[in-house]
Amino acid sequence: MFPCATACVQGGLSRITQGQPLEVAYGSQVTLRNVLSKPLPCWLHSHKTNYPIRYENGRGSSHQQQVTCYPFKDINNWWIVKDPGKQELVVSSPPRPVRHGDTVQLLHGMTSRLLNTHDVAAPMSPHSQEVSCYIDFNISMPAQNLWRVEIVNRESEREIWKTILSEVRLVHVNTTAVLKLSGASLPDWGFRQLEVVGNKISKGYHQSTAWTVEEHRYGRSKTLDTASCCPGLFN
């Protein structure tokens with residue numbers, strides 16, 4: 001990049017990120033927007049509703065907590081980036097940045113459940129895996145909640161995950177499935193929100209498998225600061 005262009009980009013970062021932290025760290029509280037965002041712009045989302053035990057066509061589900069892509073700003077779009085080897089849910093001092101190739105867990109801020117996928121067919125895309133927030137029903141269905149961060153537009157192999165700027169693929173460690181927006185609308189039981197799946201056949205780059213951190217704050221307490229992250233929802 002030409003020096004003047006670099007300076008312009010760097011000078012505009014504070015405007016682009018609107019004062020948010022630039023570097024994603026363990027303990028960061030984030031919203032993840034899908035890069036494709038078709039048919040609508042949408043954010044990775046979960047809520048306190050489970051997948052039906054059986055669908056209308058007779059196929060079964062895990063009956064775990066639904067994960068979708070939601071086309072509106074919402075408190076249920078917030079996730080905490082967690083270090084799998086630690087219990088802490090806060091950003092350390094100094095912050096420990098997340099880099100390309102690191103393994104993370106994504107904890108749903110409002111329900112405290114971890115993003116999960118497994119060898120269960122997705123509701124609308126049966127050739128892909130269901131994505132859920134894990135509930136331990138004690139039925140020999142172990143948690144599979146580790147995700148590898150791949151920064152697709154990186155300039156180095158240990159690049160730091162950045163707010164707005166980084167396009168990230170989240171690759172499931174257990175199954176190599178990639179977190180993907182299928183674009184299909186769920187039925188009424190899924191509130192007509194958009195389906196998110198684990199896709200094992202995704203090769204190379206596609207916008208439907210890329211996510212950007214759009215909103216970001218450093219967590220300083222063990223719970224999601226709802227007043228700080230979503231003030232408009234509580235006025």
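Residues numbered from 1 in each chain as written. Predicted model: local features only at pLDDT ≥ 70, side-chain atom pairs only at ≥ 80, totals over all residues. Heavy atoms only, no water.

**Student:** Residues and numbers for the overall build of the chain, please.
**Tutor:** Within the chain one finds two helices and 12 strands. Written out in order from the N terminus, the α and β elements of the chain read α-β-β-β-β-β-β-β-β-β-β-β-β-α. By the burial criterion, 50% of the 235 residues in the chain qualify as buried. Here the contacts in the chain between residues at least 6 apart in sequence split such that 70% fall between residues at least 24 apart. Surface summary for the chain: the accessible area is close to 11400 Å², and the carbon and sulfur share equals 53%. (Helix = DSSP H or I, 4+ residues; strand = E, 2+ residues; numbered from the N terminus. Buried < 20%, exposed > 50% of the residue type's maximum accessible area, 1.4 Å probe, protein only. Contact = heavy atoms within 4.5 Å. Areas by Shrake-Rupley, 256 points an atom, 1.4 Å probe, with all protein chains shown as cover.)

**Student:** So, the packing of aromatic side chains: which residues are in play, and what are the values?
**Tutor:** Counted under the stated rule, the structure contains three aromatic pairs. Plain terms: the ring middles of Tyr70 and Phe72 are 5.5 Å apart, the flat faces sit at 65 degrees to each other, and that makes the pair edge-to-face. Aromatic ring contacts, followed pair by pair, group Tyr51, Tyr55 and Trp189 into a single cluster. (Phe/Tyr/Trp six-rings, centres within 6.5 Å; stacked < 30°, edge-to-face > 60°.)

**Student:** So what about the environment of Thr111? Which residues, and what values?
**Tutor:** Note that Thr111 resides in the loop between strand E5 (103-108) and strand E6 (115-121). Judged by its relative accessible area of 14%, Thr111 falls in the buried class. Through-space distance from the C-alpha of Thr111 to that of Trp79 is 9.8 Å; in sequence the pair is 32 residues apart. Ignoring anything within four residues of it in the chain, the contact list for Thr111 reads Lys48 and Gln65.

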